[in-house]
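Chain and residue survey
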Amino acid sequence: MKRPVCIFLLFFVLVALELQAQKLKAGPQVLTIHSVADDTEQPYALYLPADFQEDKDYPLVMMLHGAGSNHRLALRRVFGKSNAEGETDVEASRYFPQWDNVDYIVAAPFARGTAGYQGIVEQDVYAVLEDVKERFRIDEDRIYLTGLSMGGGGTLWLGLTRPDIWAAIAPVCPAPPAGATDLVGNALNLPVHFFHGDADPVVPISGTRAMVEDMQAKGILVFSEEYEGVKHDSWVNAYAGGRIFDWFSRYKRDPFPEKVAFRTRSLTHHQAYWVELNQLVPGSLASIEASILSGQKISVTTDSVLEFTLHLQDHPAVQTEQQLDISIDGKSLRLLPGSQLSFYRDGNTWRVGSLVQAGGLIKRPGQSGPVFAGFSDRHVYVYGTADNPSSEELVRRRQQAYEAANWSAYRGEFLGRIMFFPRILADKEVRPSDLASSNLVLFGVKETNSIIRQMEKSVPMHLDPEDQDHGLLYIYPHNGQYVVVNSGLPWWGGSRAPGFNFVGEVHQKLGTFKDFRLYKGHVDEVLAEGYFDTRWQLADTDSELLINSGVITVK
């Protein structure tokens, strides 16, 4: 009896070793990541060079697709492969054609379909980047980013909010999200190459020309190709023959530039190279410029920054074990060797230290709002049952939560569906694990939603439960997560959000909200809105406006 058992075990071991030894094939293929946002597997297209070697460091190109497209088409496009004559995108998505080999790894995220490149989708792109880096040896100083149309706008957004990741970026006929053009100065150490057709009827070339001019004025290394008579399909020219790889090959990232310029409106994006912003004036477009003048002298100028940190321990031009002379907005500080390099504003001066590190309820990275932050990570939609509603009312409440959570509503053949599937729960179904792992989008008031009731003393305001004419929306931190409370009328409806919109009507205004809004009739009829201060408190003027509405109780 022992001999058959031994043979079986030997066979099992050999099969296991064979499976372990299996390698990904060279060329184009599709892999997946696991999304913590909604516990789904999300695909991305991947290219491996023909002579791929496991022990070699490779450059990486991240390619972002446009609206109505997908990861498979994006991988074709960046290699200069358009559809065959008369072929639809649906047909072209079914196969990968032959193309010339390049000594790059290329990854193209599915990115939920047509949803822009902010919030959950932005998280997906970085998850793909990390997955590729875990699977293969990637040269951290040769990671490049490109994309077309919506993906060109995503290239600008991801490139300008995290310029320290990329060696160079190449936006093609870019449709940038709101606020991206305010950040062009962040490309101080990032080569940029624009491509655009001068007859583009979808994304006018005027926007690209304005960004190029602004970058040139700021001393940024920027290139621009305009194609006479070409409409929106300028990617055909931009990616012809895989030429984009030749341009990328000229550049390597400098992880330790001597000067850093960085602007941001949110602590969601708070670091570039060796400069980290820890606290901002809420709602402002904050900026910082930091320069190493000599080995031990550093100059910093700020606007609307309340606290920052310099990470200089690995900078080759600075000896942190020696004395440092730092000038901040004209205030001179002499720091002894080994001193903390965090600084906070105290009135009109700067001091060494960190208020954020001291703890307490304070706006900090990951806990700073605004409303969209609550929807930019894992979140659950929760409707109330605490007041034992009638069956008809229960259906209405459940339907409201479903409408808010239905990112995947069908939008027609071109835009299709956004493949994001958050959960919808009744308040009594929320588990401790949900409270610990998820932001909560809470509908109702404390009288109808037991989760709001549990947080009654910690959240800042409540809508009168008898009111039928108003809506209240706000975000607030709670136990390391966010709660977004929507009481009364829903946050959607009214006019269309400005700019390029790649999400449905219910969600397209989320990026326009501040920390709170009180409205009457519908969401556009604003009675009060604003930001909580750095301690998550209401300003006196905002508190007075809310109280005087007659429908809000302020804590």
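Remember, predicted model here, so these are calculated numbers, not experimental data. (Residues numbered from 1 in each chain as written. Predicted model: local features only at pLDDT ≥ 70, side-chain atom pairs only at ≥ 80, totals over all residues. Heavy atoms only, no water.)

**Quick look at the side chain of Arg-517**
Here Arg-517 shows up in strand S25 (residues 516-520). Residue Arg-517 is classed as buried on the basis of its relative accessible area of 10%. Within the structure, Arg-517 has its side chain in polar contact with the backbone oxygen of Val-523 (distance 3.0 Å). When near neighbours in sequence (up to four residues on either side) are disregarded, Arg-517 contacts Gly-471, Leu-472, Leu-473, Val-523, Val-526, Ala-528 and Glu-529. (Helix = DSSP H or I, 4+ residues; strand = E, 2+ residues; numbered from the N terminus. Buried < 20%, exposed > 50% of the residue type's maximum accessible area, 1.4 Å probe, protein only. Polar contact = N/O pair within 3.5 Å; in protein donor to acceptor, adjacent residues only side chain to side chain. Contact = heavy atoms within 4.5 Å.)

**Some remarks on the nonpolar core**
Judged by nonpolar contacts, the single largest core of 104 residues is most densely connected at Val-132, Trp-166 and Trp-491. By residue number, the principal contributor to this core is helix H4 (residues 120-135), which donates seven residues. Sequence-distant contacts of Val-132, defined by excluding residues within four places in its chain, comprise Tyr-44, Leu-46, Leu-60, Ile-105, Ala-107 and Ile-138. Core analysis: the next-biggest nonpolar cluster, separate from the first, contains 32 residues, Ala-45, Tyr-239, Phe-245 and Trp-247 among them. (Core = buried A, V, L, I, M, F, W, Y, C linked by side-chain atoms within 4.5 Å.)

**Side note on the environment of Trp-157**
Here Trp-157 lies in helix H5 (residues 150-161). Residue classification places Trp-157 among the buried residues on the basis of a relative accessible area of 11%. Excluding residues within four positions of it along the chain, Trp-157 makes contact with Tyr-117, Gln-118, Glu-122, Pro-177, Ala-178, Gly-179, Ala-180, Leu-183 and His-269. Among the polar contacts made by the side chain of Trp-157, one reaches the side chain of Glu-122 at a distance of 3.2 Å.

**What to know about the sheet that holds strand S8 (residues 222-227)**
The strand order across the open sheet built from eight strands is S1-S2-S4-S3-S5-S6-S7-S8, with neighbouring strands paired in mixed fashion. If you trace the sheet from one side to the other, it starts and ends with strand S1 (27-35) and S8, each paired once. Neighbour to neighbour, the strand axes of the sheet diverge by 20 degrees on average, direction disregarded. Taken strand by strand, helix H2 (residues 71-78) contacts S1, strand S2 (40-48), strand S3 (58-64), strand S4 (105-109) and strand S5 (138-148), and its axis lies near 20 degrees from that of S2. The sheet strands contacting H4 are S1, S2, S3, S4 and S5, and the helix crosses S1 at an angle near 115 degrees. (Pairing = 2+ DSSP bridges. Axes fitted to C-alpha atoms, helices over the stretch in contact; angles between N-to-C directions.)

**What about the pairing of strand S13 (residues 297-303)?**
Residues Ile-298, Val-300 and Thr-302 line the buried face of S13, whereas the alternating positions Lys-297, Ser-299, Thr-301 and Asp-303 sit on a face that is not buried. The pairing of strand S12 (residues 286-294) with S13 spans seven bridges and is classified as antiparallel. Across the sheet, residue Ser-287 finds its bridge partner in S13, namely Asp-303. The hairpin formed by S12 and S13 contains two residues between the paired strands. Pairing of S13 with strand S15 (residues 324-328), which is carried by four bridges, proceeds in the parallel orientation.

**A closer look at the environment of Gly-152**
Note on placement: Gly-152 falls in helix H5. Assessed through its relative accessible area of 0%, Gly-152 is described here as buried. With 20 residues separating them along the chain, Gly-152 and Val-172 place their C-alpha atoms 5.1 Å apart. Apart from residues no more than four positions distant in its own chain, Gly-152 is found in contact with Gly-147, Pro-171, Val-172, Pro-174 and Ala-175.

**Considerations on the confidence of the model for the protein chain**
Mean pLDDT over the protein chain works out to 94, with 96% of the residues at or above the 70 mark. Low pLDDT, under 50, characterises residues 13-22; the predicted model gives this stretch zero contacts beyond four residues in sequence or across chains. (pLDDT = per-residue confidence, 0-100.)

**Overview of the sheet that holds strand S11 (residues 275-280)**
Pairing within the open sheet is antiparallel, and its five strands lie in the order S10-S11-S14-S17-S18. This sheet does not close on itself; its edge strands, each paired only once, are strand S10 (271-272) and strand S18 (349-352). Sheet analysis places strand S17 (residues 342-346) next to S18, joined by four bridges and oriented antiparallel. In the strand pairing of S18, Arg-345 is matched with Trp-350.

**Some words on helix H6 (residues 205-217)**
Between its terminal C-alpha atoms H6 stretches 19 Å, which fits the 18 Å expected from 13 residues at 1.5 Å a residue. Within the span of H6, buried status applies to Ile-205, Thr-208, Met-211, Val-212 and Met-215. The arc enclosing the buried residues of H6, seen along the axis, measures out at 120 degrees, which places them on a common side. Seen from the buried face of H6, the exposed residues on the opposite side, beyond 90 degrees, are Glu-213 and Ala-217. Considering only its buried residues, H6 is in contact with H5, strand S7 (192-197) and S8. Backbone geometry just after H6 places Gly-219 at a positive phi near 80 degrees. (Expected span 1.5 Å × (residues − 1). Arc of directions from axis to C-beta.)

**Re the packing of aromatic side chains**
On inspection of all chains with the given rule, the structure shows 25 aromatic pairs. Measuring from ring centre to ring centre gives 5.7 Å for Phe-532 and Trp-536, while their planes differ by 40 degrees; the resulting arrangement is tilted. Given the relative accessible area of 0%, Phe-532 is considered buried. Residue Trp-536 is classed as buried on the basis of its relative accessible area, which comes to 1%. A connected cluster of aromatic rings, assembled from ring pairs, spans Tyr-47, Phe-79, Phe-96, Trp-99, Tyr-104, Tyr-144, Phe-223, Phe-245, Trp-247, Phe-248 and Tyr-251. Here the guanidinium or amino end of Lys-363 rests over the ring plane of Trp-536, the centre of that ring lying 4.8 Å away. (Phe/Tyr/Trp six-rings, centres within 6.5 Å; stacked < 30°, edge-to-face > 60°. Lys NZ or Arg CZ within 6 Å of the ring centre and 35° of its normal.)

**Here's the deal with the packing of H4 against H5**
Their axes nearest at 12 Å, the elements H4 and H5 cross at an angle of 70 degrees. Considering the angle they form, H4 stands roughly perpendicular to H5. Contact with H4, carried on its side by Glu-122, Val-125 and Tyr-126, involves Trp-157, Leu-158 and Thr-161 of H5 and no other residues of that element. Among the residues making up the contact of H4 with H5, the classes are represented as four nonpolar, one polar and one charged. (Parallel < 35°, antiparallel > 145°, perpendicular 65-115°, else oblique. Nonpolar A, V, L, I, M, F, W, Y, C, P; charged D, E, K, R; others polar.)

**What about the side chain of Ser-291?**
In this fold, Ser-291 is placed in strand S12. Excluding its chain neighbours within four sequence positions, the residues that come into contact with Ser-291 are Glu-258, Lys-259, Trp-274, Lys-297, Ile-298 and Ser-299.

**Let's talk about the pairing of strand S23 (residues 470-478)**
Counting buried positions along S23 yields eight of nine residues, so the element is predominantly enclosed. Examined bridge by bridge, S23 and S25 share five bridges and lie antiparallel to one another. Across the sheet, Gly-471 pairs through a bridge with Tyr-519, a residue of S25. Bridging between S23 and strand S24 (residues 481-488) involves eight bridges; their strand directions are antiparallel. Considered in S24, the bridge of Leu-473 is made with Asn-486.

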